[in-house]
Amino acid sequence: MKKMLKKKVRIGFIGVGTMGQAAHLRNYASLHGECEIVALAELRPELGSRIAARYGIPKVYRNYKELLSNEKVDALVASQPFTRHGILIPELAKAGVPILSEKPIAGSIAVANKILAALEKNKTWLMVAYHKRSDPATIYAKTEIDRLKQSGELGKLRYIRITMPMGDWIAGGFDNNLTTSEMPESLDSDPLPKDMDEVTAREYSLFVNYYVHQVNLLRHLFGENYKVTYADPSKIILLSQSQSGIPGMIEMNPYSTTIGWNEEALVTFDKGYLRLTLPAPLVLNQPGRVEIFKDAGNGTTPVTVQPNLPWVHAMKNQALNFIKAVRGEAPAPCLGPEALQDLHIAREYLRLLKGV
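Anyway, here's the lowdown on the structure attached to this text. Bear in mind that the values here come from a model prediction, so they are computed numbers and not experimental data.

Considering unusual backbone geometry
Note that the residue after Lys-103, namely Pro-104, is joined by a cis bond; omega there is -15°. Backbone geometry places Ala-171, a non-glycine residue, at a positive phi of 50°. Looking at the element boundaries, Ala-171 is found in the loop between strand 7 (157–166) and helix 7 (198–222). Relative accessible area serves as the criterion here: at 36%, Ala-171 is assigned to the partly exposed category.

Below is the structure:
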């Protein structure tokens, strides 16, 4: 990435609907020392005007074409349904500036490849919003896992399990959103995967919508790619093996809760474990938690460590990480080429699940 001078990054927003406001806009607006939101594009004019007034955004446009024709920006935040990424992101890439989009990168491998080709052609890059990587707890956990693997003080890494039951992922995060009675335009969507029948293609789309965060997080914690080895017919368990032979599991909805969010990752070593507990995605000012248990043996007393983490939530930290990446100060947590691997994992899971 080309290093830029340290300055306020000029950002244009493409879409400020539900997630656009709650997950992204309010966080960038709070980072006024780091960035400047110079304009937004919103198909619903009343909504766009009201949001611009709330956040002091000087320009509002009806669509991305108007925004890019009239504004000079350093980066774009495009919070759109992933089923439209193949239509929109190649067009945004023509501006030649970094883009942040929601996860997953696309609804099919073919569309993702189209997006990556457009980014390469226009010499720019896409950060996919896997916000869990930006949670202070995940950052701490990843650093500690890598350190423990290097030092060997707890022995070898043995196993990683991620559990994500259904729960209240919103946790009041939409309460402060502005809304209007305007009906959004009916827009085209990307084609479904052509190598699947329609039922399987829609099941694939549902899987990547709900569980692609966990698919991505497992690779992040492994520190290497992995393959799917088993798909439980009940659709609760996905088993995997990393490149170096470490087993992993994703538990998908083993139970559900109506109040609360119980997502966690358990990373085990010969002589202890690290447990990463993550909050509901849209909770404000609350990081996850990390617990490290060490039992070295030889008569020593086992210890449990629970580090204190800053009161910063993942979505805000993600916004800051994107800004740093745009400036060239730090790598983006997850770029497009890696995000493509998540679609391959999902494809292999569906292949094993369907027995084809």
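As for the sheet that holds strand 9 (residues 237–242)
Strand order in the open sheet formed by eight strands is 8-9-10-7-11-12-13-14, with mixed pairing between adjacent strands. Two strands lie at the open edges of the sheet, namely strand 8 (226–231) and strand 14 (303–305), each paired on one side alone. Strand-to-strand twist in this sheet, taken as the mean axis angle between neighbours without regard to direction, amounts to 20°. The pairing of strand 11 (residues 263–269) with strand 12 (residues 272–278) spans seven bridges and is antiparallel. Pairing of Leu-266 across the sheet is with Arg-275, part of strand 12. Contacting strand 7, strand 8, strand 9, strand 10 (247–256), strand 11 and strand 12, helix 7 runs over the sheet at an angle of about 160° to strand 7. Most of the contacts of helix 9 (residues 336–354) go to strand 8, to which it runs at about 25°, and overall it touches strand 8, strand 9 and strand 10.

Re the pairing of strand 4 (residues 75–78)
The side-chain alternation of strand 4 yields two buried faces, one formed by Ala-75 and Val-77 and the other by Leu-76 and Ala-78. Of the strand pairs in this sheet, strand 1 (residues 9–14) and strand 4 are connected by four bridges, and their pairing is parallel. Along strand 4, the bridge assignment pairs Gly-12 with Leu-76. Examined bridge by bridge, strand 4 and strand 5 (residues 99–101) share three bridges and lie parallel to one another. Bridging from a neighbouring strand, Leu-76 pairs with Ile-99 of strand 5. For the segment spanning strand 4, helix 4 (residues 85–93) and strand 5, crossover handedness is right-handed.

Considering the pattern of salt bridges
Side chains that differ in charge, positive against negative, can pair when their charged atoms come close. Enumeration over the complete set of coordinates arrives at 25 salt bridges. For Arg-44, the salt bridge identified is with Glu-42, shortest N-O distance 2.8 Å. Several salt bridges converge on common partners, so that one network encompasses Arg-133, Arg-219, Glu-338 and Asp-342.

Structural notes on the sheet that holds strand 3 (residues 59–61)
What holds strands together in a sheet is hydrogen bonding between their backbones, with the strands either parallel or antiparallel. Spatially, the six strands line up as an open sheet ordered 3-2-1-4-5-6, and their pairing is parallel. Every interior strand has two partners, whereas the edge strands, strand 3 and strand 6 (126–128), have only one. Between one strand axis and the next, the sheet turns through 25° on average, direction left out of account. Contacts between helix 4 and the sheet are confined to strand 1, strand 4, strand 5 and strand 6, with strand 5 contributing the most and set at about 165° to the helix.

Brief notes about the environment of Glu-42
The topology assignment puts Glu-42 in the loop between strand 2 (35–41) and helix 2 (45–55). Using a relative accessible area of 5% as the deciding quantity, one classes Glu-42 as buried. C-alpha separation for the pair Glu-42 and Val-16, spaced 26 residues apart in sequence, amounts to 6.4 Å. Contacts of Glu-42, omitting those with residues within four sequence positions, involve Gly-15, Val-16, Gly-17, Leu-47, Gly-48, Tyr-61 and Arg-62.

Some thoughts on the packing of aromatic side chains
This structure, assessed with the given rule, holds eight aromatic pairs. Ring centres 5.8 Å apart and planes at 45° place the aromatic pair Phe-207 and Tyr-211 in the tilted group. Taken as a pair, Phe-207 and Tyr-211 lie in helix 7 at a separation of four residues, close to a single helical turn. Taking the relative accessible area as the measure of exposure, Phe-207 reaches 6% and is therefore buried. Residue classification places Tyr-211 among the buried residues on the basis of a relative accessible area of 10%. Judged by centre distance (6.4 Å) and plane angle (50°), the ring pair of Tyr-210 and Tyr-211 falls under tilted. Aromatic ring contacts, followed pair by pair, group Phe-207, Tyr-210, Tyr-211 and Tyr-349 into a single cluster.

The rules behind each value
Residues numbered from 1 in each chain as written. Predicted model: local features only at pLDDT ≥ 70, side-chain atom pairs only at ≥ 80, totals over all residues. Heavy atoms only, no water. Helix = DSSP H or I, 4+ residues; strand = E, 2+ residues; numbered from the N terminus. Buried < 20%, exposed > 50% of the residue type's maximum accessible area, 1.4 Å probe, protein only. Pairing = 2+ DSSP bridges. Axes fitted to C-alpha atoms, helices over the stretch in contact; angles between N-to-C directions. Contact = heavy atoms within 4.5 Å. Right-handed = clockwise from strand over helix to strand, strands pointing away. Salt bridge = Lys/Arg side-chain N within 4 Å of Asp/Glu carboxyl O. Phe/Tyr/Trp six-rings, centres within 6.5 Å; stacked < 30°, edge-to-face > 60°.

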